[in-house]
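Observations on chain architecture
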Amino acid sequence: LFLIQLFLGNSSRFIAKPCAINLGIQDSGPHRAQPNAILEKVFTSITKSPDGKRLEGLAKQLDWDVRKIQRWFRHRRNQDKPTTLTKFCESMWRFTFYLSIFFYGIRFLWTAPWFWDTRQCWYNYPFQPLTSRLYYYYILELAFYWSLMFSQFTDIKRKDFLIMFVHHLATIGLITFSYMNNMVRVGTLVLCLHDASDFLLEAAKLANYAKYQRLCDAFFMLFGVVFIVTRLGIYPFWILNTTLFESWELIGPYPSWWLFNGLLVTLQVLHIIWSYLIIRTAYKALVRGKV
């Protein structure tokens, strides 16, 4: 986990930031609100979006126009938003990791027998060897998701904070639980499948921050297709099929079997929610002509 954090910090400083500057992305924030102790106290202690009655009261107290106070609160809210440079750097290191770990996973699994025949995940279970390449693949993924879990509280706050928190919990639980129960073969399939679309979304964000609109649209549409195919097609008919049915047939159910599959089904529920959001965004993009 420490090495992951060190890598993320250095990549943002020495790679992402110079790339952003070369693309013309400036480290300039939004217009800052005029310093005002009374309005700042209301903003931090009471509400960030005062209603009409409170606005009128503040206008009388400060002898300001109501629209001026509304403008102050708008500027103050925007002041807390991260700069485009900050968002670019965050997406840059995520793109780098997702792309690297996806190709590592594909290269590793290409020679693995369970990649071509999922029933191999359960033959001789639980007496299956843990190779060094498989071990490092698992540890890297686990460290990365722990890093996401902790950094979620300090990174850019987004509307899907809660659902992402549930996702990180389920993912960390699955990686840890499958490792402890030596279900690492099927675990590698789940990890690689999820990494297949994530780097495309980060690429779309990078193009958007750099104002390459057509490239952004292309990456997002490609991301949407890959996400829906992998999460609503391959995942339930390939992954869940082997964990629910093939494992039942070959090794039979046991107490931890129910927990393992419960976590996998939780991920599928999140896939459905995200697919709906992606389809809705793509539809709006087609109507407006851009993402």
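Each chain has its residues counted from 1, following the order in which its sequence is written. The predicted origin of the model limits local features to residues at a pLDDT of at least 70 and limits the giving and counting of side-chain atom pairs to 80 or more, whereas totals for whole chains, interfaces and linings rest on all residues. Side-chain numbers come from the whole structure's heavy atoms, not from hydrogens or water.

If you check an unreviewed UniProt entry, the protein chain appears there as Ceramide synthase 5 from Calypte anna.

Observations concerning the packing of aromatic side chains
Two rings from Phe, Tyr or Trp (for Trp, the six-membered ring) form a pair when their centres sit within 6.5 Å of each other. Planes less than 30 degrees apart are called stacked, planes more than 60 degrees apart edge-to-face, and all others tilted. For the coordinates displayed, the defined rule picks out 26 aromatic pairs. Aromatic side chains Tyr-98 and Phe-144 sit 5.3 Å apart centroid to centroid with 80° between the ring planes, which places their arrangement in the edge-to-face category. Taken together, the residues Tyr-98 in helix H5 (residues 84-109) and Phe-144 in helix H7 (residues 132-151) connect sequence positions 46 residues apart. Across the pair, exposure class does not vary: Tyr-98 and Phe-144 are buried alike. A centroid spacing of 5.2 Å and a plane angle of 75° characterise the contact between Trp-248 and Trp-257, whose relative ring orientation is edge-to-face. Charge-over-ring placement is defined geometrically: NZ (Lys) or CZ (Arg) within 6 Å of the ring centre, and within 35 degrees of the ring normal. Above the plane of the ring of Trp-64 lies Lys-68, whose end atom (NZ or CZ) is 4.2 Å from the centre. Secondary structure elements are defined from DSSP: runs of H or I of at least 4 residues count as helices, runs of E of at least 2 residues count as strands, and each element is numbered from the N terminus. Under the scheme applied here, a residue whose accessible area is under 20% of the maximum for its type counts as buried, over 50% as exposed, and between as partly exposed, the area being computed with a 1.4 Å probe on protein chains only.

Topic: the confidence of the model for the protein chain
The predictor rates its confidence in each residue with pLDDT, a number between 0 and 100. Model confidence for the protein chain is summarised by a mean pLDDT of 83, while 86% of its residues fall at 70 or above. The secondary structure element of the protein chain with the lowest average pLDDT is helix H1 (residues 2-22), at 57, and the one with the highest is helix H6 (residues 113-116), at 94.

Observations regarding the pattern of salt bridges
Should their charged atoms come close, side chains of opposite charge can pair. Think of a salt bridge as a Lys or Arg side-chain nitrogen and an Asp or Glu carboxyl oxygen that are within 4 Å of each other. Applying the stated rule across the entire model yields four salt bridges. Note that Arg-231 and Asp-198 form a salt bridge whose closest N and O atoms lie 3.4 Å from each other. Remark: Asp-198 occurs in helix H9 (residues 184-209) and Arg-231 occurs in helix H10 (residues 213-250); sequence separation between them is 33 residues. Here Asp-198 falls in the buried class, since its relative accessible area comes to 15%.

Examining H10
What is called the bend at a residue is the angle between a pair of axes, fitted to the seven residues leading up to and ending at it and to the seven starting from it. At Tyr-235, H10 shows its largest bend, some 55°, and a proline, Pro-236, comes one to four positions later. A positive backbone phi angle near 75° is found at Gly-252, which sits one or two residues after H10.

Observations concerning the UniProt feature "transmembrane region" (unreviewed entry) in the protein chain
Within this structure's numbering, the places UniProt gives as "transmembrane region" (unreviewed entry) are residues 95-115, 135-154, 161-180, 219-238 and 258-279. Between the C-alpha atoms that bound residues 161-180 the distance is 28 Å, and the span itself is 100% helix and 0% strand. End C-alpha atoms of residues 258-279 are separated by 31 Å, and the span's content is 100% helix alongside 0% strand. UniProt positions are given in the numbering used here, feature names are shortened, and annotations may be inferred rather than shown by experiment.

Observations regarding the nonpolar core
If you look at soluble globular proteins, the nonpolar side chains tend to sit buried side by side. What we call a nonpolar core is a set of buried Ala, Val, Leu, Ile, Met, Phe, Trp, Tyr and Cys residues that are connected through their side-chain atoms within 4.5 Å. The biggest cluster of nonpolar side chains holds 54 residues, and the ones touching the most others in it are Leu-109, Trp-114 and Tyr-235. Among the elements of the structure, H5, H6, H7, helix H8 (161-180), H9, H10 and helix H11 (255-288) are those that each provide at least two residues to this core. For this core, the element with the highest residue contribution is H9, accounting for 11 residues. Residues Leu-39, Leu-55, Leu-58 and Ala-59 belong to the second largest nonpolar core, which totals 11 residues.

Let's talk about the environment of Pro-129
Along the chain, Pro-129 falls in the loop between H6 and H7. Residue classification places Pro-129 among the exposed residues on the basis of a relative accessible area of 58%. The spatial distance from the C-alpha of Pro-129 to the C-alpha of Arg-185 is 10.0 Å, given a sequence separation of 56 residues.

Observations concerning a nonpolar patch on the surface
The grouping of Leu-130, Tyr-135, Tyr-136, Ile-139, Tyr-179 and Met-180 at the surface amounts to a nonpolar patch, some 590 Å² of accessible area in total. Listed by contribution, the elements that provide at least two residues to the nonpolar patch are H7 and H8. For the nonpolar patch, the element with the highest residue contribution is H7, accounting for three residues. Residue position: Tyr-179 is located in helix H8. Surface patches are drawn from residues lacking salt bridges whose relative accessible area is over 30%; two like charges belong together within 9 Å, two nonpolar side chains (Val, Leu, Ile, Met, Phe, Trp, Tyr) within 5 Å. Throughout, the Shrake-Rupley method with a 1.4 Å probe supplies accessible areas, and for residues the shown protein chains are the sole cover considered.

Things to note about the packing of H7 against H9
Lines fitted to the C-alpha atoms define the axes, with helices restricted to the stretch that makes contact. Angles between their N-to-C directions range from 0 to 180 degrees. H9 packs onto H7 with a crossing angle of 55° between their chain directions and a minimal axis gap of 11 Å. What the angle tells us is that H7 and H9 run oblique. The way H7 lies across H9 gives a crossing that is left-handed. Touching Leu-134, Tyr-137, Tyr-138, Glu-141 and Tyr-145 of H7 are Val-184, Gly-187, Thr-188, Leu-191, Cys-192, Asp-195 and Asp-198, all from H9. Polar here means any residue other than Ala, Val, Leu, Ile, Met, Phe, Trp, Tyr, Cys and Pro, which are nonpolar, and Asp, Glu, Lys and Arg, which are charged; Gly is therefore polar. Grouping the amino acids of the contact of H7 with H9 by side-chain chemistry returns seven nonpolar, two polar and three charged. Any angle that falls under 35 degrees is termed roughly parallel, while one over 145 is termed roughly antiparallel, one within 65 to 115 roughly perpendicular, and all others oblique. We call a crossing left-handed when the near helix sits turned anticlockwise from the far one by less than a right angle, and right-handed when that turn is clockwise. Any two residues whose heavy atoms approach within 4.5 Å are treated as being in contact.

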